Amino acid sequence: IATAEETGGKILLPGRNRHLSRIAEDIRSYYWLGLTHAGDQRRHGLKVEVTRPGLQVRSRDSFVPLPRAARLEIDMERVLLTDDTSGLGALDVTVGPMEPQGKDTAEVEVTVRIPTAGLSFAQRDGRTFGRLELRIAALDDAGQRSDVPMIPIDIARDGAPAAGSVIRYDTRVRVRRAPQDLLLLVYDPLSGKSFAKKVRLVP
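J.: Can you explain the overall build of the protein? Please cite residues and give values.
T.: Secondary structure assignment for the protein yields three helices and 12 strands. In summary, the protein has a C-alpha radius of gyration of 23 Å against a globular reference of 17 Å for 203 residues, an excess of more than 25%. By principal-axis analysis of the C-alpha atoms, the protein measures approximately 65 × 50 × 25 Å. Taking all contacts inside the protein whose residues are at least 6 apart in sequence as the whole, residues at least 24 apart take part in 59%. Of the roughly 13,600 Å² of accessible surface on the protein, 52% is carried by carbon and sulfur atoms. Computed over 31 positive and 27 negative side-chain charges, the separation of the two mean positions in the protein equals 4 Å.

J.: Can you break down a nonpolar patch on the surface residue by residue, with the values?
T.: On the surface, Ile23, Ile27, Tyr30 and Trp32 cluster together to form a nonpolar patch covering roughly 520 Å² of accessible area. With respect to the helices and strands, the residue Ile23 is situated in helix α2 (residues 19-27).

J.: Give me the lowdown on the packing of aromatic side chains, citing residues and values where you can.
T.: Summed over the entire model, instances satisfying the criterion amount to zero aromatic pairs. Taking NZ or CZ as reference, Arg124 lies 4.4 Å from the ring centre of Phe129, over its face.

J.: Before we move on, could you go through the nonpolar core and cite the residues and values that matter?
T.: Residues Val110, Val112, Ile114, Leu182, Leu184 and Val186 are the most contacted members of the largest nonpolar core, which totals 25 residues. Ranked by residue count, the leading element in this core is strand β6 (residues 105-115), at five residues. In this view, Val186 contacts Leu91, Val112, Ile114, Leu132, Glu133, Leu134, Lys193, Ser194 and Phe195; residues no more than four positions away in its chain are not counted. In terms of nonpolar packing, the next biggest core, distinct from the first, is built from 11 residues, Met76, Val79, Leu139 and Ala196 among them.

J.: An account of the pattern of salt bridges is requested, with residue identities and associated values reported.
T.: Within the structure shown, the criterion is met by 17 salt bridges. Note that Asp154 is salt-bridged to Arg131, the shortest N-O span being 2.6 Å. Of the two residues, Asp154 sits in strand β9 (residues 150-158) while Arg131 sits in strand β8 (residues 127-140), which places them 23 residues apart along the sequence. By relative accessible area, which is 46% here, Arg131 ends up partly exposed.

Criteria and cut-off values
- Residues numbered from 1 in each chain as written.
- Predicted model: local features only at pLDDT ≥ 70, side-chain atom pairs only at ≥ 80, totals over all residues.
- Heavy atoms only, no water.
- Helix = DSSP H or I, 4+ residues; strand = E, 2+ residues; numbered from the N terminus.
- Rg over C-alpha atoms; globule rule 2.2 N^0.38 Å.
- Contact = heavy atoms within 4.5 Å.
- Areas by Shrake-Rupley, 256 points an atom, 1.4 Å probe, with all protein chains shown as cover.
- Lys, Arg positive; Asp, Glu negative; His and termini not counted.
- Charge placed at Lys NZ, Arg CZ, Asp CG, Glu CD.
- Patch = residues over 30% accessible without salt bridge, like charges linked within 9 Å, V, L, I, M, F, W, Y side chains within 5 Å.
- Salt bridge = Lys/Arg side-chain N within 4 Å of Asp/Glu carboxyl O.
- Phe/Tyr/Trp six-rings, centres within 6.5 Å; stacked < 30°, edge-to-face > 60°.
- Lys NZ or Arg CZ within 6 Å of the ring centre and 35° of its normal.
- Core = buried A, V, L, I, M, F, W, Y, C linked by side-chain atoms within 4.5 Å.
- Buried < 20%, exposed > 50% of the residue type's maximum accessible area, 1.4 Å probe, protein only.

Quick look at the structure:
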């Protein structure tokens, strides 16, 4: 009950409601209202008012901005399950063949090329510095998922990046010896931008 009240929902108790008709009626009469908030992780009040007489509104009365880790997890789930990369930059990813490492596991060579045009850097004494976060997730055809490690990519080079240049990162990834999707997501903490690419692996 408390959850429904806090989020603007309705309570449907078994045996006491015509659930499907109530749900159908509810989803035919709502609007999505979104906002962008770049502040802290504190709870913030929210009030929605209608200006047309005779209308009633039901909404949540507060919100807590999602932390960075939660936003990245949502992005990864979305790309893995729906192939929807809207709002994410593109990555150039090359994956080598599976190399068996045991009965059920293998390793693949992965090369990631990250466009510098979408990144933010710090400049000091004529040198360019930055840190990116690479996350890699795997989802096989049986629905089994891997852990999602965060791999830091530190950048330090002379001068500013040339126009159209990329940052290359090579790594080896241990995977199951099964058909699966491999998702690579790069996050830039300075700019807040993410870049993603999903590739198909087949033994």
